[in-house]
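Given next are the chains, with one letter for each unit.
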Amino acid sequence: MRRPRLLIPLLLVAAAGTATGASAAAPAPGAPAAATPLDRVVPAPAAVRPGGAAFTLGSGTRIRVPAGSGEARRIAGYLAGLLRPSTGFPLPVTTRGGADGIVFRLGGRDARGLGEEGYRLTSGGRAVTISAARPAGLFHGMQTLRQLLPAAVEKRSRQPGPWRVAGGTILDTPRYAYRGAMLDVSRHFFTVEQVKRYIDQLAQYKVNKLHLHLSDDQGWRIAIDSWPRLARYGGSTQVGGGRGGHYSKADYREIVRYAASRYLTVIPEIDMPGHTNAALASYADLNCDGKAPPLYTGTKVGFSSLCVSKKLTYQFVDDVLRELAALTPGRYLHIGGDETHATSHPDYVTFMDTVQPLVAKYGKTVVGWHELTGAHPVKGAIAQYWGRDKTGAAERQRVVDATQHGTRLVLSPADRAYLDMKYDKDTPLGLEWAGYVSVRRSYDWDPGSYLAGVPAGAVLGVEAPMWAETLGSSANLEYLAFPRLAGIAELGWSPARTHDWDAYRVRLAAQGPRWDAQGIDYYRAPEVPWVGR
Ligand code: NGO
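From a predicted model like this one, the values you see are computed outputs, not experimental measurements.

What counts and how
Residues numbered from 1 in each chain as written. Predicted model: local features only at pLDDT ≥ 70, side-chain atom pairs only at ≥ 80, totals over all residues. Heavy atoms only, no water. Disulfide = S-S within 2.5 Å. Helix = DSSP H or I, 4+ residues; strand = E, 2+ residues; numbered from the N terminus. Buried < 20%, exposed > 50% of the residue type's maximum accessible area, 1.4 Å probe, protein only. Near = heavy atom within 4 Å. Polar contact = N/O pair within 3.5 Å; in protein donor to acceptor, adjacent residues only side chain to side chain. Areas by Shrake-Rupley, 256 points an atom, 1.4 Å probe, with all protein chains shown as cover. Nonpolar A, V, L, I, M, F, W, Y, C, P; charged D, E, K, R; others polar. Pairing = 2+ DSSP bridges. Right-handed = clockwise from strand over helix to strand, strands pointing away. Expected span 1.5 Å × (residues − 1). Arc of directions from axis to C-beta. Contact = heavy atoms within 4.5 Å. pLDDT = per-residue confidence, 0-100. Axes fitted to C-alpha atoms, helices over the stretch in contact; angles between N-to-C directions. Parallel < 35°, antiparallel > 145°, perpendicular 65-115°, else oblique. Left-handed = near helix turned anticlockwise from the far one by under 90°.

Novice: Let's hear about the state of the cysteines: which residues, and what values?
Specialist: Under the defined criterion, the tally for this structure stands at one disulfide. The disulfide that involves Cys288 links it to Cys307, with 2.0 Å between the sulfurs. With the S-S bond torsion at 100°, the cross-link from Cys288 to Cys307 turns out right-handed. Pair noted here: Cys288 is in the loop between helix 7 (277-282) and helix 8 (311-327) and Cys307 is in the loop between helix 7 and helix 8, with a separation of 19 residues, a long-range link. Here Cys307 falls in the buried class, since its relative accessible area comes to 2%.

Novice: Run through the site of the ligand, naming residues and quoting values.
Specialist: Near the ligand lie 14 residues; those nearest to it are Arg187, Asp338, Tyr418, Asp420 and Glu469. One of the side-chain nitrogen or oxygen atoms of Asp338 is found 2.7 Å away from a nitrogen atom of the ligand. Contacts to the ligand include Trp433, whose side-chain N or O atom sits 2.8 Å from an oxygen atom. Contact with the protein chains removes 98% of the 340 Å² of surface that the ligand exposes when unbound. Looking at the shell around the ligand residue by residue, the class counts come to eight nonpolar, one polar and five charged.

Novice: So what's going on with the pairing of strand 15 (residues 332-336)? Which residues, and what values?
Specialist: Summarising burial for strand 15: five of the five residues are buried, a large majority. What you see with strand 15 is no split at all: Tyr332, His334 and Gly336 on one side and Leu333 and Ile335 on the other are buried throughout. Pairing between strand 14 (residues 265-272) and strand 15: two bridges, direction parallel. Along strand 15, the bridge assignment pairs Glu269 with His334. Sheet topology places strand 15 next to strand 16 (residues 365-369); three bridges connect them, and they run parallel. Note that in strand 16 the partner of Tyr332 across the bridge is Thr365. Between the parallel elements strand 15 and strand 16, the chain passes through helix 9 (residues 345-361) in a crossover that is right-handed.

Novice: Just give me the short version of the pairing of strand 10 (residues 178-184), but keep the residues and values in it.
Specialist: Counting buried residues along strand 10, seven of its seven residues qualify, which places the element largely inside the surrounding structure. Burial of strand 10 is two-sided: the residues Tyr178, Gly180, Met182 and Asp184 facing one way and the residues Arg179, Ala181 and Leu183 facing the other way are all buried. Where strand 10 and strand 11 (residues 209-213) come together, five bridges link them in parallel fashion. Within strand 11, the residue paired with Leu183 across the bridge is Leu212. Once the chain exits strand 10 it traverses helix 4 (residues 192-204) before rejoining the sheet at strand 11, and the crossover so formed is right-handed.

Novice: Explain helix 10 (residues 393-404) to me, using residue names and the numbers behind them.
Specialist: Along its twelve residues, helix 10 runs 16 Å from first to last C-alpha, staying within 8% of the 16 Å computed at 1.5 Å per residue. Among all positions in helix 10, only Val399, Val400, Ala402 and Thr403 are buried. Summarising the axial view, the buried residues of helix 10 lie within an arc of 155°, below the 170-degree limit, and thus occupy one face. In helix 10, the exposed positions that point more than 90 degrees away from the buried face belong to Ala393 and Ala394. If you follow the buried residues of helix 10, they end up packed against strand 17 (382-385) and strand 18 (408-411). Gly406 sits one or two positions beyond helix 10 and adopts a positive phi of about 105°.

Novice: How would you summarise the confidence of the model for the protein if you had to cite specific residues and measurements?
Specialist: Across the protein, pLDDT averages 94, with 94% of residues at or above 70. In this model, residues 1-27 is a region of pLDDT below 50 whose contacts with residues beyond four sequence positions or in other chains number 42 contacts.

Novice: Explain unusual backbone geometry to me, using residue names and the numbers behind them.
Specialist: Excluding glycine, most residues fall at negative phi; most peptide bonds, likewise, are trans. Residue Pro43 is reached from Val42 by a cis peptide bond, and omega for that bond is -5°. Topologically, Pro43 is positioned in the loop between helix 1 (10-19) and strand 1 (47-50). Residue Pro273 is reached from Met272 by a cis peptide bond, and omega for that bond is -10°. In this structure, Pro273 sits in the loop between strand 14 and helix 7. Positive phi, normally seen in glycine, also occurs at Tyr263, with a value near 65°. With respect to the helices and strands, the residue Tyr263 is situated in the loop between helix 6 (249-261) and strand 14.

Novice: Report on the sheet that holds strand 9 (residues 168-172), specifying residues and quantitative values.
Specialist: Two modes of strand pairing occur in sheets, parallel and antiparallel, and in both the strands are linked by backbone hydrogen bonds. Spatial strand order, 1-9-6-7-5-3-4: seven strands in an open sheet with mixed pairing. This sheet does not close on itself; its edge strands, each paired only once, are strand 1 and strand 4 (93-94). Both strand 3 (residues 63-64) and strand 5 (residues 101-106) contribute to a ladder of two bridges, which runs parallel. Along strand 5, the bridge assignment pairs Arg64 with Val103. Across the sheet, helix 2 (residues 70-87) lies against strand 3, strand 4 and strand 5, angled at about 155° from strand 5, the strand it touches most.

Novice: Account for the sheet that holds strand 19 (residues 459-466), with residues named and values stated.
Specialist: In space, the eight strands of this closed barrel follow the order 10-11-14-15-16-17-18-19, with parallel pairing throughout. On average, each strand axis in the sheet is inclined to that of its neighbour by 30°, with strand direction left out of account. Summarising the sheet, strand 17 and strand 18 pair through four bridges and their orientation is parallel. What sits directly across from Gln384, in strand 18, is Val410.

Novice: Give a detailed account of the packing of helix 13 (residues 484-493) against helix 14 (residues 501-509), specifying residues and quantitative values.
Specialist: Following both chains from N to C, one finds helix 13 and helix 14 inclined at 125°, their axes separated by 11 Å at the closest point. Between helix 13 and helix 14, the interaxial angle falls into the category oblique. The two elements helix 13 and helix 14 meet at a crossing, and its hand is right-handed. Residues Ala486, Gly487 and Glu490 of helix 13 form the contact with helix 14, whose own contacting residues are Tyr504, Arg507 and Leu508. Partitioned by chemical class, the residues of the contact of helix 13 with helix 14 number three nonpolar, one polar and two charged.

Below, the structure is given as structure tokens:
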């Protein structure tokens, strides 16, 4: 992709923003609040040029979309739906030409070099214009516009305004094509509505992959017609012994559709050959000894394994992957492969080497946890690295070596990117096996240089996993995800040169009132100068 010519590097612009009076200080009583500076956005935009008149959203503002683009119209409709309750303005979406209001443009000269996901946002006295080459770019530009409006715009009841957007231009494209979040729906089941809520939250930070961990020892969460007991029985409980649940095929399709409407691709994971107690409990024949173990509702890992020597195992895997591939428009299938302590190493290699071609047979690309590099990753495979500072040199080197032979990486270092780690010793939820992960620790690393020796280009991006051993609700999940999710999203999107903890914490602080308005109970990390607290 050709990179667009940058305007002004962000760090210079931050200083300029202060010089023009756009500061974080609270306005004097009665004075109108200053508009949010254009660079006070998460993830940090690639380039910002502030200046010129501010735009004010008013009762007569229209949202103009190009004729003939259903997607642009849909994105505009989404924006209007978000802004109407708080502003009280009608905000009609129209294809009638005009250069005033909120203007969406697809293609054309302004969109050159913006790629699949980039956008240009220009704000002035008459209009805010978002230009992009593709609808995904319009969507990301729209999310930036949301953050440039006052936080109260996120409330669901009428607010006084005014609704100003600072003047200037943002030119923004992502650093990485893969910017993911994982949700473990196996340890605790999350309903379609709960998943949709998380998708909306992820989309605000330009995350574009939703990895669903659909099976584990504690629960099988997706209906498979050829093996119906997997979901019906294997999905009937969860950690702690609660009711569990699973997605019907229609439910799963609805998640995929909803995610796509927010420009996220769903990546389904069936974790194998370990983490399979729910499947082994559902079908006695899958066990080497022909005996089904009981369902499991604890939180231990590494005790189950599919029977590598049985032919039926591969029939089972083939059926599951075939049905899952048919439901999944995205190109990736995740086959797990982590923590196979109950599988011998030769068996592990045999299993992974046999199963990877099945993924290709159904037209998909293999993703596996980085243990896959201990077998023979097929051409094009992606390894998801979940090591940490303490990971041994040999294991690390094996991953690096694999990248030198073409394996690509998604980085999810457990002591940085795992959203289920406690923030500190007082965090009531989460685990601590990888240590405490403060907001600063989760943000302050560079995916590009994290694993020495990995060729440039082998890092596809980053992903923030949310394991659900301790999470029984959306509120639990949000408390661990916010604010750290925003930091991982920024590592995936923003250019390395914008990386700066002191600037980040100020931008992050400005998200607090938005989360308050959206009903997100986030962790008030003491390292962040939260606004209005
Ligand atoms: C590990 C383990 C998961 C746990 C998680 C908890 C991986 C890849 N396997 O990460 O089964 O749920 O830690 O943090």
